[in-house]
Amino acid sequence: MIFEPFRIKMVEPIRLTTREERERLLGEAGGNVFLLRAEDCLIDLLTDSGTSAMSQDQWAAMMQGDESYAGAKSFFRFEAAVKEIFGFAHVIPTHQGRASERILFSTVARPGHRIPSNTHFDTTRANIEVTGAEAVDLVIPEGREPATIHPFKGNMDTAALERFIAETGRGNVPLIMLTVTNNSGGGQPVSMACVREVSRIARANTIPFYIDACRFAENSYFVQQREPGYANRPVREIAREMFALADGCTMSAKKDAFANIGGFIGTNDDDLARRLKDLLILSEGYPTYGGLAGRDLDAIAVGLREVVDEDYLRYRIGSTKAFGDRLIEAGIPIVEPTGGHAVYLDAKAFLPHIPPAHFPGQALACALYVEGGVRGVEIGSVMFGRKDPRTGREIPAAMELVRLALPRRVYTRSHLDYVADSIVAVFRRREGVRGLRITYEAPFLRHFTARFAEL
Ligand code: F0G
């Protein structure tokens, strides 16, 4: 029995809308759900990032925030909580994950460099590419096949990693990344065996190994549940073991720290830490607050201890699975097995009549909004497709997905039943869903602001 292990002490009303209203609102938003107002969404599954409900202990800790500019008590509580789980020698706070990425990559990457990962998240990729370096995805083949069952579909293809290093030359690989869980590949976990092998390869080639740790607790829980030898190990210890295999991490505290804002970089490299802090001061702030208020640091410190609670993780991963199972029973194509923080609809299989060039994921996200006021996000050719520089033709992404990300501790199972009913309703009328073309796009991260017209 999966059951929310908390009571609700404060409520946030949801404004109900009609289908006609939603058709108009989506039209005004140019068919891009990012351009909708949040209050116009009944159930907002755009992201699990920064959308968590904080606990009473987190709110109480915020009242203890020390807002001193330098050396605040809040920083030391935050640093202690991070070190307890992550174990890195240096902890550098930032305002969110992408700030960690920007500071790290602008320090270590330059043109000619290539940085591998299982799958880089979009901001990670953009922060690498803006330095002139190349971001390369080396997920195992199963990770690109929505219907293939594999316990650790987020794993990196480590044979491909070794070939990649040999081809590129270790001097041109400033860093190896691994994203846990693999968000862009379906929220799929990475096994400890894979982390160990990537670590071995990194060390053999004297290349630093960094983990994109956003959903480390969810990943650790999957390891406990699925990987031989880990069944009786506490999640906290599993996380510790994983980070001990790495040289550092980037983290968005907006995910597995239940915070509404925040992040950090962890590293064991003294010299690099100094250089990162110099850059931090330029844009984020002094190294004991890094763009955050003292109270945010306290919320993160408490959140990190709460997120490794196994009753919470059982509910978290269990409710994501229960939601996915309802869809599978209705014959709806999703990425299987269900990942940690989200259920991913396979738009290519859901809308086989719409070719990738006409953005089936975006079309499905729009149909779902109109049907039930449910906001999900396309993770497909709008987000990851690119244009052939010679012909100007769209090169599609490997998968066409719609992600329904589940904010932590926010929606109940009856909310998710409503979402499932809405998806089933769209599925029944799927032949009528039409493809889209882009009428406006920005030069990078186009999915945030693009506008679309129906074909
Ligand atoms: N890495 C991963 C794996 C992420 O999922 C995200 C954010 C980031 C880095 C960047 O962190 O948002 O704090 O700057 N993912 C959010 C999402 C935005 O919706 O999946 P950030």
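Computed from a predicted model, the values in this text were never measured in an experiment. (Residues numbered from 1 in each chain as written. Predicted model: local features only at pLDDT ≥ 70, side-chain atom pairs only at ≥ 80, totals over all residues. Heavy atoms only, no water.)

(A) Here's a closer look at the site of the ligand. By nearness alone, 17 residues border the ligand, and Thr47, Asp212, Ser252, Lys255 and Arg403 come closest of all. Between the ligand and glutamine 96 there is a distance of 2.8 Å, counted from an oxygen atom to a side-chain nitrogen or oxygen. Backbone polar atom of glycine 97 to an oxygen atom of the ligand: 2.8 Å apart, as the coordinates give it. Relative to its free-state accessible area of 470 Å², the ligand is covered by the protein chains to the extent of 94%. (Near = heavy atom within 4 Å. Polar contact = N/O pair within 3.5 Å; in protein donor to acceptor, adjacent residues only side chain to side chain. Areas by Shrake-Rupley, 256 points an atom, 1.4 Å probe, with all protein chains shown as cover.)

(B) Spatial organisation of the pattern of salt bridges. Tallying each qualifying case throughout the model produces 38 salt bridges. Its salt-bridge partner being glutamate 306, residue arginine 409 comes within 3.1 Å of it at the nearest N-O pair. Taken as a pair, arginine 409 in the loop between strand S14 (401-405) and helix H16 (413-428) and glutamate 306 in helix H11 (residues 294-307) lie far apart in primary sequence, 103 residues in all. Here arginine 409 matches glutamate 306 in class, with each residue buried. Each of Asp48, Arg215, Glu218, Asp256, Arg316 and Arg408 takes part in a single network of salt bridges with overlapping partners. (Salt bridge = Lys/Arg side-chain N within 4 Å of Asp/Glu carboxyl O. Helix = DSSP H or I, 4+ residues; strand = E, 2+ residues; numbered from the N terminus. Buried < 20%, exposed > 50% of the residue type's maximum accessible area, 1.4 Å probe, protein only.)

(C) Region of the structure containing the environment of glycine 65. Tracing the backbone shows glycine 65 in the loop between helix H2 (56-62) and helix H3 (73-86). Its relative accessible area of 23% is what places glycine 65 among the partly exposed residues. In this structure the C-alpha to C-alpha distance between glycine 65 and isoleucine 103, which are 38 residues apart in sequence, comes to 25 Å. Aside from chain neighbours lying at most four places away, what touches glycine 65 is Ser74, Gly294, Arg295 and Asp298. (Contact = heavy atoms within 4.5 Å.)

(D) Local environment of the packing of helix H4 (residues 97-108) against helix H5 (residues 122-129). Taken N-terminus to C-terminus, the directions of H4 and H5 make an angle of 25°; their axes are 9 Å apart at the nearest point. Judged by the inter-axis angle, H4 sits roughly parallel to H5. Relative to H5, the crossing made by H4 is right-handed. Across the interface between the two elements, Arg98, Glu101, Arg102 and Phe105 of H4 pack against Thr123, Thr124, Asn127 and Ile128 of H5. (Axes fitted to C-alpha atoms, helices over the stretch in contact; angles between N-to-C directions. Parallel < 35°, antiparallel > 145°, perpendicular 65-115°, else oblique. Left-handed = near helix turned anticlockwise from the far one by under 90°.)

(E) Structural view of the side chain of glutamate 227. Assignment of secondary structure puts glutamate 227 in the loop between helix H8 (216-226) and helix H9 (235-244). It is arginine 196 that comes nearest to the buried, bridge-free glutamate 227 among opposite-charge side chains, at 5.4 Å. At a separation of 2.9 Å, a polar atom in the side chain of glutamate 227 contacts the main-chain amide nitrogen of alanine 193. Setting aside chain neighbours within four positions, we find glutamate 227 in contact with Phe152, Ser191, Met192, Ala193 and Phe222. (Lys, Arg positive; Asp, Glu negative; His and termini not counted.)

(F) The arrangement of a nonpolar patch on the surface in detail. On the surface, a cluster of nonpolar side chains totalling about 310 Å² of accessible area is made up of Tyr69, Ile281 and Tyr286. Take isoleucine 281: it is sitting in helix H10 (residues 270-283). Taking the relative accessible area as the measure of exposure, isoleucine 281 reaches 46% and is therefore partly exposed. (Patch = residues over 30% accessible without salt bridge, like charges linked within 9 Å, V, L, I, M, F, W, Y side chains within 5 Å.)

(G) Region of the structure containing the sheet that holds strand S7 (residues 248-252). Spatially, 5 strands are ordered S2-S8-S7-S6-S5 in an open sheet, and the strand pairing comes out mixed. Of all the strands in the sheet, just strand S2 (90-94) and strand S5 (176-179) have a single pairing partner and so form its edges. When the angles between neighbouring strand axes are averaged without regard to direction, this sheet yields 15°. Pairing of strand S6 (residues 209-212) with S7 involves 3 bridges; the strand directions are parallel. Across the sheet, the residue bridging to isoleucine 211 is cysteine 249, located in S7. Across the sheet, H3 is in contact with S2, S7 and strand S8 (263-267); its angle to S2 comes to roughly 120°. (Pairing = 2+ DSSP bridges.)

(H) Highlighting the nonpolar core. The biggest cluster of nonpolar side chains holds 62 residues, and the ones touching the most others in it are Phe86, Ile176, Phe216, Phe243 and Leu304. Two domains each put at least three residues into this core: domain 1 (19-48 + 309-454) and domain 2 (56-306). For isoleucine 176, the contacting residues outside a window of four places in its chain are Pro116, Met156, Leu161, Ile165, Val198, Ala202, Ile207, Pro208, Phe209 and Tyr210. In terms of nonpolar packing, the next biggest core, distinct from the first, is built from 56 residues, Ala342, Ala365, Met383 and Phe427 among them. (Core = buried A, V, L, I, M, F, W, Y, C linked by side-chain atoms within 4.5 Å. Domains from an automatic or database assignment.)

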